[in-house]
Amino acid sequence: MARLRSIFSFLYKNEIRAFLFQLLALLAVAYFFYSAAGNLFTNIEKLGFRTGFDFLNLEAGFDIDEHLIDYSTTSSNLRVFYVGLINTILVSFVGIVFATLIGLIVGISRLSNNWLISKLASGYIELFRNIPILLQILFWYNILLISLPHPRKSIEFFDSIFINLRGIYLPKPIAESGFIWVVLVFLAGILLSIWIKRLLKKKHDSTGVSGHISGYLLLLLVALPGLLYWWLGSPLHFDYPALKSFNFQGGMSLSPEFLALLCALSIYTATYIAEAIRSGIESVDKGQKEAAQAMGLTSGQSLKLVVLPQALRVAIPPIINQYLNLTKNSSLATAIGYSELVSIFAGTVLNQVGQALEIILMTMAVYLTLSLLISLVLNIVNHKIRIKQR
Amino acid sequence: MSVFKAEIQQKPPIASVGIFAWLRANLFSSLFSGVLTVSVAYLLYLSLPPLANWALFNADFVTSSNTECTRQGACWAYVIEKIDLFIYGFYPAESYWRVQLAFALALFIIAFMRLARGRQWRFKAIILAFLMYPFVAFVLLYGGFGLEVIETHQWGGLTLTIVVAAVGIIASFPLGILLALGRQSKMKIIRLFSVLYIEFIRGVPLITILFMASVILPLFFTEEMNVDKLLRALIGITLFQAAYIAEVIRGGLQAVPTGQFEAADAIGLNFIQKMSLVILPQALKISIPNIVGSFIALFKDTTLVLIVGLFDVLAMVGLSSSDENWLGRETEGYVFVALILWIILYSMSKYSKNLERRFSTEHKI
């Protein structure tokens, strides 16, 4: 017995155990994939599905109401993928902007010394973050559908904006050939202002003389582009929507599905952003504010120079995570049929061609890429805002 | 002889005590604050009465169909008539007692655990209850052992929502612990697998995983293993939740001081003893508030099962308002379901805040 034990004593070495254990895990995972793949291929063959990505070139054959790039029923399934992807990015981006705005207002209101405002803000947070997002999407969609009027009885603003059951119709800006120059000048103006801002800061740091940037901003961002726009003869005009038989034609439109989704996503995510901002501001030590006061900073300076830089360091990482969550939650649009990736690609296209594996893997790959990109941004931001030790 | 005469005491100015002081400090501390108060109060005055009228004063509570809901407000009669559908789904009415018994048993176990606090046998009782209860509840809900079998496609409503959430949290726990340990392991391949799994799951929306579970999972199995629709969704939710639980537990593991690991090694415990007797009890205790937080997120996510064709409490709105007697009553349905879920989620989040406060080691000022 003792001899047997000494023969197998090598099993008691940590390295060898670790090696055997990992080998076992590797084999188990490999076996799982092997047998799953085996079953998968026999099942697919039995059901007569095609495999591979050829389906992407087939004609889609269904119409999509909302597309920012050219699309028709004769477009390919790959085109559907792009349309869905762009719509996902569109609704996520607009949602992020609104969620940040609402979250910022609510988060600051939550800390207000005005009793009514702060109670209202915390009521908002408690109400909307404890209702599932899918329920909120369905709820707003339902509310929009029952409250919006028929196209013939649209609500109008200035004969150019129309709101009805089919959505909101807005004038569509159409740029003529010269307009690109105005945009370019404007962008150059932004870059220049950033450079001037840096220059002014450097001057302030070395001499203590502070300069004002507002004059430069007015010149670079308003006056120059405006002058150019006038000189080129106003190279931008609007295509107005107009009622034709059953519905509005022309202009650009936002569907009720888009609006409901946008509303739910921004209201829901704003509660988390508000909480992040609140906990960020609360995380700043009381002594910091007192020290700022003792140094004679005004309350505005204390907020700008002492509190906010420290608060944002705590608040920004969870806020970026919420941006990712919002993007992932936009996939719930499939419940109301807004034409984003999951709805039209993993929904309609999947039902038509039946190649579930390829389609769902492609969809997952999109979200994985987005979340990797956002974590990359998060890492960079974390690196930038970390406490700089001497 | 001087006589002490009490002076008449002056009262403090009216603006510094009582309700006026409170109003001044909390509502009108500055011009801006005052303007804000007045405008917000006006907005509330504009919006609250119509809402209250709709929900209560102009609402119908007792009618037998849509057409009899003649007042302007909500038609709660619809919710009252469909309440069984919202709670039990298509579960046969004569078997409602089985659902009730299962939930009563769960409540009893929770109450029992609180009462037994401090007793020696409490821990064993908890383990026993956790091992026995899922089995008992399954027999009660599904059938067998002399009870009539009720197929899972008849399950629905709030019952289904709670079943999905409960199974999700309990089943994801062991897998989550394994993944967390794997991610902390020194063995490279194990760590790689754990990291890949966790990051993959956390990077994609739950809905794609549910699609995967409902469309692709059947293809992975041989044809004899015909997997039930509910079970498929449960597998998807469990795999999803495990990744999140793993991250929560990893946070707990990282908070256990290295000395504890070294001490366990020093007294000669093997890996399993070290983890189960020394490290995990501490790590799990630290992560309890976050586990509750992750359970709240899971509970919200269970509503997604309606997209893969299960009838949870939210799906009942669409279903019941397509009854021709009650057409177009979605709004009441959504408000009712929102209220139920809000009460559950709000009390859970209060509970988790409470736990966080109790477990926090920060210095209280």
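Summary of the structure given here. These figures come from a predicted structure and were not determined experimentally.

Quick look at the overall build of chain B
- Helix and strand counts for chain B come out as 14 helices and zero strands.
- Traced from its N-terminal end to its C-terminal end, chain B shows the element sequence α-α-α-α-α-α-α-α-α-α-α-α-α-α.
- Projected onto the principal axes, the alpha-carbon positions of chain B cover approximately 100 × 70 × 40 Å.
- For chain B, long-range pairs separated by at least 24 residues make up 66% of all intrachain contacts whose partners lie at least 6 apart in sequence.

Considerations on the overall build of chain A
- When helices and strands are counted, chain A shows twelve helices and eight strands.
- Here the C-alpha atoms of chain A give a radius of gyration of 28 Å, more than 25% beyond the 21 Å that 2.2 N^0.38 yields for 390 residues.
- Expressed as a percentage of its 390 residues, the buried residues of chain A come to 40%.
- Long-range contacts, defined as pairs at least 24 residues apart, comprise 66% of the intrachain contacts of chain A with a sequence gap of at least 6.
- Approximately 23,100 Å² of chain A is accessible, and the part contributed by carbon and sulfur atoms is 66%.

Things to note about the sheet that holds strand β2 (residues 161-164) of chain A
Residues and elements named next belong to chain A.
- An order of β1-β2-β3-β8 is seen for the four strands of this open sheet, with the pairing classed as antiparallel. Two strands bound the open sheet, and with one partner strand each, they are β1 (155-157) and β8 (252-254). The mean angle between the axes of side-by-side strands here comes to 15°, regardless of whether they run parallel or antiparallel.
- Direction of pairing for β1 relative to β2: antiparallel, over a ladder of three bridges. Bridge pairing links Phe157 to Ile161 in β2.

Overview of the packing of helix α8 (residues 188-203) of chain B against helix α10 (residues 229-255) of chain B
Residues and elements named next belong to chain B.
- Remark: α8 packs on α10, axes separated minimally by 9 Å, with the N-to-C direction vectors making an angle of 115°. Here α10 runs roughly perpendicular to α8, going by the angle between their axes. The crossing of α8 and α10 is left-handed. The segment α8 lies against α10, with Tyr197, Ile198, Ile201 and Arg202 engaging Leu239, Phe240, Ala243, Tyr244, Ala246 and Glu247.

Concerning the nonpolar core
- Residues Phe345 of chain A together with Val337 of chain B are the most contacted members of the largest nonpolar core, which totals 142 residues.
- In terms of residue count, the dominant contributor to this core is helix α8 (residues 256-283) of chain A (13 residues).
- Residues contacting Phe345 of chain A, with those up to four places away along its chain left out, are Phe55, Leu56, Asn77, Phe81, Glu340, Leu350, Ile359, Met362 and Thr363 of chain A.
- In terms of nonpolar packing, the next biggest core, distinct from the first, is built from eight residues, Val106, Ala121, Tyr124 and Ala274 of chain A among them.

With respect to the side chain of Ser330 of chain A
All names here are of chain A.
- With respect to the helices and strands, Ser330 occurs in the loop between α10 (299-329) and α11 (341-353).
- Relative accessible area serves as the criterion here: at 0%, Ser330 is assigned to the buried category.
- Within the structure, Ser330 has its side chain in polar contact with the backbone oxygen of Thr327 (distance 2.6 Å).

Observations concerning the pattern of salt bridges
Residues and elements named next belong to chain A.
- As enumerated under the stated definition, the model contains ten salt bridges over all chains in all.
- Measuring nitrogen to oxygen at the nearest pair gives 3.8 Å for the salt bridge that ties Glu275 to Arg129. Note that Glu275 is positioned in helix α8 and Arg129 in helix α4 (residues 115-129), a separation of 146 residues in sequence.
- Judged by relative accessible area, which is 14%, Glu275 ranks as buried.
- In this structure, Arg278 engages Glu275 in a salt bridge whose closest nitrogen and oxygen atoms are separated by 3.1 Å.

Side note on the interface of chain A and chain B
- Listed as interface residues are 50 residues of chain A and, on the opposing side, 54 residues of chain B.
- Across the interface of chain A and chain B, roughly 4,500 Å² is buried in total on both sides, 74% from carbon and sulfur atoms.
- Its largest share of buried area at the contact with chain B, chain A owes to Gln22, Asn130 and Met364 of chain A, together 14% of the area lost on that side.
- Counting across the chain A and chain B interface gives one salt bridge.
- Two residues, Lys350 of chain B and Glu126 of chain A, come together in a salt bridge whose shortest N-O distance is 3.9 Å.
- Our enumeration of links across chain A and chain B arrives at twelve residue pairs in polar contact (both at pLDDT 80 or more).

Section: helix α5 (residues 133-147) of chain A
- Taking 1.5 Å of rise per residue, the 15 residues of α5 of chain A would be expected to cover 21 Å, and the 21 Å separating its terminal C-alpha atoms lies within 8% of that figure.
- Inspection of α5 of chain A places Ile133, Leu134, Leu135, Gln136, Ile137, Leu138, Tyr141, Asn142 and Leu144 of chain A among the buried residues, and these make up the whole buried set.
- Structurally, α5 of chain A contributes buried residues whose contacts are with α4, α8 and α10 of chain A together with α14 (330-359) of chain B.

Thoughts on the environment of Leu277 of chain B
- Mapped onto the fold, Leu277 of chain B is located in helix α12 (residues 271-301).
- Here the alpha-carbon distance between Leu277 of chain B and Ala264 of chain B, two residues 13 residues apart in the chain, equals 9.0 Å.

What to know about the side chain of Ser371 of chain A
All names here are of chain A.
- Within the element layout of this structure, Ser371 appears in helix α12 (residues 356-385).
- Classification of Ser371 by relative accessible area gives buried; the value is 6%.
- Of the polar contacts made by the side chain of Ser371, one reaches the backbone oxygen of Leu368; its length is 3.1 Å.

What to know about a nonpolar patch on the surface
Residue and element names in this part refer to chain A.
- The grouping of Ile180, Trp181, Val183, Leu184, Phe186, Leu187, Ile190, Leu191, Ile194, Trp230, Trp231 and Leu232 at the surface amounts to a nonpolar patch, some 1,300 Å² of accessible area in total.
- Put simply, the parts of the chain that give the nonpolar patch at least two residues each are α6 (179-207) and α7 (214-231).
- When residues in the nonpolar patch are grouped by element, the largest group, nine residues, is from α6.
- Of note, Ile194 is situated in helix α6.

Some points on the packing of aromatic side chains
- This model, assessed by the stated rule, comprises 20 aromatic pairs over all chains.
- Three or more aromatic residues joined by ring pairs make a cluster, and in this case those are Phe81, Tyr82 and Phe345 of chain A.
- Across the ring face of Tyr272 of chain A, the terminal group of Arg129 of chain A is positioned such that the distance to the ring centre comes to 4.4 Å.
- Over the ring of Tyr244 of chain B we find Arg202 of chain B; its NZ or CZ atom is 5.7 Å from the centre of that ring.

Things to note about the packing of α5 of chain A against α14 of chain B
- It is the contact of α5 of chain A with α14 of chain B, at a shortest axis distance of 10 Å, that shows an interaxial angle of 155°. Here α14 of chain B runs roughly antiparallel to α5 of chain A, going by the angle between their axes. In the packing of α5 of chain A onto α14 of chain B, the handedness of the crossing is left-handed. Here Leu135, Leu138, Phe139, Asn142, Ile143 and Ile146 of chain A of α5 of chain A come into contact with α14 of chain B, specifically with Glu330, Thr331, Tyr334, Val335, Val337, Ala338 and Leu341 of chain B.

Overview of the environment of Ala233 of chain B
Residue and element names in this part refer to chain B.
- Following the sequence through the fold, Ala233 ends up in helix α10.
- Each C-alpha atom of the pair Ala233 and Ala104 lies 25 Å from the other, and the pair is 129 residues apart in sequence.
- Dropping the residues within four chain positions of it, Ala233 is found in contact with Leu210, Val305 and Leu310.

Reading the values: the criteria
- Residues numbered from 1 in each chain as written.
- Chains lettered and ligands numbered in written order.
- Predicted model: local features only at pLDDT ≥ 70, side-chain atom pairs only at ≥ 80, totals over all residues.
- Heavy atoms only, no water.
- Helix = DSSP H or I, 4+ residues; strand = E, 2+ residues; numbered from the N terminus.
- Contact = heavy atoms within 4.5 Å.
- Rg over C-alpha atoms; globule rule 2.2 N^0.38 Å.
- Buried < 20%, exposed > 50% of the residue type's maximum accessible area, 1.4 Å probe, protein only.
- Areas by Shrake-Rupley, 256 points an atom, 1.4 Å probe, with all protein chains shown as cover.
- Pairing = 2+ DSSP bridges.
- Axes fitted to C-alpha atoms, helices over the stretch in contact; angles between N-to-C directions.
- Parallel < 35°, antiparallel > 145°, perpendicular 65-115°, else oblique.
- Left-handed = near helix turned anticlockwise from the far one by under 90°.
- Core = buried A, V, L, I, M, F, W, Y, C linked by side-chain atoms within 4.5 Å.
- Polar contact = N/O pair within 3.5 Å; in protein donor to acceptor, adjacent residues only side chain to side chain.
- Salt bridge = Lys/Arg side-chain N within 4 Å of Asp/Glu carboxyl O.
- Buried area = accessible area lost by both parts, 1.4 Å probe.
- Expected span 1.5 Å × (residues − 1).
- Patch = residues over 30% accessible without salt bridge, like charges linked within 9 Å, V, L, I, M, F, W, Y side chains within 5 Å.
- Phe/Tyr/Trp six-rings, centres within 6.5 Å; stacked < 30°, edge-to-face > 60°.
- Lys NZ or Arg CZ within 6 Å of the ring centre and 35° of its normal.

That's the geometry; what it means functionally is another story.
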